[in-house]
There are 2 protein chains.
Amino acid sequence: MKNQFTTPDGYTSDIAVFTITSESSSEYKPPLKTLKIMLIKRSEMDHEGNPNIEAGKWALPGGFVRPNETAFQAAERKLFEETGVDGLRIKHFGVYDSPSRDHRGWIISNAHYVIANESSLKNRKTTLDAQDIQLFSMEEALALELAFDHHAIMDDALWFIKKDMALTTLAKHFLPEEFVLSELQGVLLTVLDDPSISTDAAFFRKAPTLPFIEAVSENGKLKKSNAYSKTPAQLYRFTDFQPIVSVYRNKLKG
Amino acid sequence: MKNQFTTPDGYTSDIAVFTITSESSSEYKPPLKTLKIMLIKRSEMDHEGNPNIEAGKWALPGGFVRPNETAFQAAERKLFEETGVDGLRIKHFGVYDSPSRDHRGWIISNAHYVIANESSLKNRKTTLDAQDIQLFSMEEALALELAFDHHAIMDDALWFIKKDMALTTLAKHFLPEEFVLSELQGVLLTVLDDPSISTDAAFFRKAPTLPFIEAVSENGKLKKSNAYSKTPAQLYRFTDFQPIVSVYRNKLKG
DNA sequence: GAAATAGTGTCTCTTAGACAATATCCA
DNA sequence: TGGATATTGTCTAAGAGACACTATTTC
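By the naming in an unreviewed UniProt entry, chain A is NUDIX hydrolase, taken from Neobacillus driksii. A UniProt comment under Sequence similarities (unreviewed entry) is attached to chain A, and it reads "Belongs to the Nudix hydrolase family."

Here's what the structure looks like:
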């Protein structure tokens, strides 16, 4: 084509992969949950053997979008290529296009985030592009020196996660199919800070009435679990209900 | 730079400009409010004298991002260049990068929306790039044959407006500094459909208690307006309070 | 029985929601 | 006075928030 205008030097897709890890402190106790982000350590050489830019630094997985795909498709592809992880729910949240963000030139990053169940990251493995992969807590991650403007991207992604956690049933992607209320509470508390969630009496009374959560039954009677307590605790699952909230009304829309 | 990867053929910034027009039906009556979008009719030649692609079609204002600016800055610039409109609150909401969206090549669009007070669009004028500018109601606009994938972009923008209207104090950007409850109600109803808003008794009782709205006083007494009714109606303004909602609690966060 | 988690009982206060009544002003 | 818009009264039922109490199991 006739080039009538200046073109960017590259278009990349980056992905902030979040998960919540469970660490059981002792038996019959709800596990300690922590929000973590998966970062890769950039290899010295890329998979084509060329010296890699920002090599050795920790970074969000991602890479150049091919001309025959969208950034979304690239996100899926790079995530698999670089970390071996597959089949996650990817969401766009922003574009980073400051002219100075990448000293190779004018490179635009289309940023995504992913909510991953801890188990879905089990398959992660280092690759040619990533000499190391690790999960970092947000404190750890924000203290690292990251490649490019990935620090800002990560910061924004965290903000989106918090918003989505409060406004949607995002929490379900961090939980097993069937879960106990204290697990849900634990997930919410890794990201949200709210007395109506942290106060047991309030949360345990309110949660079962939420329209997007239902108690699990088996053989006609309520299904309980002793995974985290001596007292059998009721199992719940998310329904397909999509709550709609508004600042002008209090009730969740039926 | 050494070009180790395929580069996009262009990076554009597009802007969906929304406003709510007021049409007074008769005296002492709240005006009829309608959500509208500002579109431009693409000129036969661009401002450099080259034949314009998709000429003659209606489209979102926008254009190519320059290498020394961000898409956000380009949005501000193009909006002014193409429509003469300035000083609006611009927000990114999505990226459109389907390989087939523009037959000139691989062109990525960074999409924004703008909420404009009707009066701020008063200055709009046709330019070299835009042989015509008009406000369309959403029904009209969605029925037009638009350039590129602007139909999809507009659709998505509308969805974001609805979400923001429900979740934030976005409504204030459609209203004058001081307004009457029926005006607020009118603005909300152009986008939202909710009995707690459309029912007068419910809305007029609830709205004054909202933490982000306050009654206007003057000389120690409440300020009223007869603009839309024979009965003097209380004037209100938005405060700086940013409401936070959540599906897990009902109250707006203090 | 002690300890730990998972709830429930009860009370108070606030609010939603429905419906009716009142208030203000103009023609 | 009638008509139109802008409120307010009143009632009921539901829910939030606080605090104490009960229930189930293991050691």
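Caption draft 1: Highlighting the interface of chain A and chain B. Between chain A and chain B, the residue contacts involve 56 residues of the former and 56 residues of the latter. Buried area between chain A and chain B, summed over both chains or domains, comes out near 4,600 Å², and the portion from carbon and sulfur atoms is 61%. Applying the counting rule to chain A against chain B returns 2 salt bridges. Notably, a salt bridge pairs Asp-194 of chain B with Arg-249 of chain A, separated by 2.5 Å at the nearest N-O pair. One can count 13 residue pairs in polar contact (both at pLDDT 80 or more) joining chain A with chain B. For the side of chain A that touches chain B, the secondary-structure elements that each account for two or more residues are strand E1 (10-23), strand E5 (89-96), strand E6 (107-116), helix H3 (150-167), helix H4 (181-191) and helix H5 (195-198) of chain A. With 4 residues, the top contributor of residues to the side of chain A that touches chain B is E5 of chain A. Residues belonging to the side of chain A that touches chain B are distributed by class as follows: 28 nonpolar, 16 polar and 12 charged.

Caption draft 2: Broad picture of the protein's contact with DNA strand C. In the vicinity of DNA strand C, 19 residues are found, and the nearest of them are Lys-29, Arg-205 and Thr-231 of chain A together with Lys-206 and Thr-231 of chain B. Of everything in DNA strand C that lies within 4 Å of the protein, sugar and phosphate atoms constitute 66%. The side chain of Thr-231 of chain B places a nitrogen or oxygen atom 2.7 Å from a base oxygen of DNA strand C. Listed by contribution, the elements that provide at least two residues to the surface near DNA strand C are helix H6 (200-206) and strand E13 (233-238) of chain A together with helix H6 (200-206) of chain B.

Caption draft 3: How the structure looks around the UniProt feature "domain: Nudix hydrolase" (unreviewed entry) in chain A. The residues that UniProt annotates with the feature "domain: Nudix hydrolase" (unreviewed entry) are residues 10-162 of chain A. Helix makes up 21% of residues 10-162 of chain A and strand 37%, with an end-to-end C-alpha separation of 30 Å.

Conventions and cut-offs
Residues numbered from 1 in each chain as written. Chains lettered and ligands numbered in written order. Predicted model: local features only at pLDDT ≥ 70, side-chain atom pairs only at ≥ 80, totals over all residues. Heavy atoms only, no water. UniProt positions renumbered as here; feature names shortened; annotations may be inferred. Contact = heavy atoms within 4.5 Å. Buried area = accessible area lost by both parts, 1.4 Å probe. Salt bridge = Lys/Arg side-chain N within 4 Å of Asp/Glu carboxyl O. Polar contact = N/O pair within 3.5 Å; in protein donor to acceptor, adjacent residues only side chain to side chain. Helix = DSSP H or I, 4+ residues; strand = E, 2+ residues; numbered from the N terminus. Nonpolar A, V, L, I, M, F, W, Y, C, P; charged D, E, K, R; others polar. Near = heavy atom within 4 Å.

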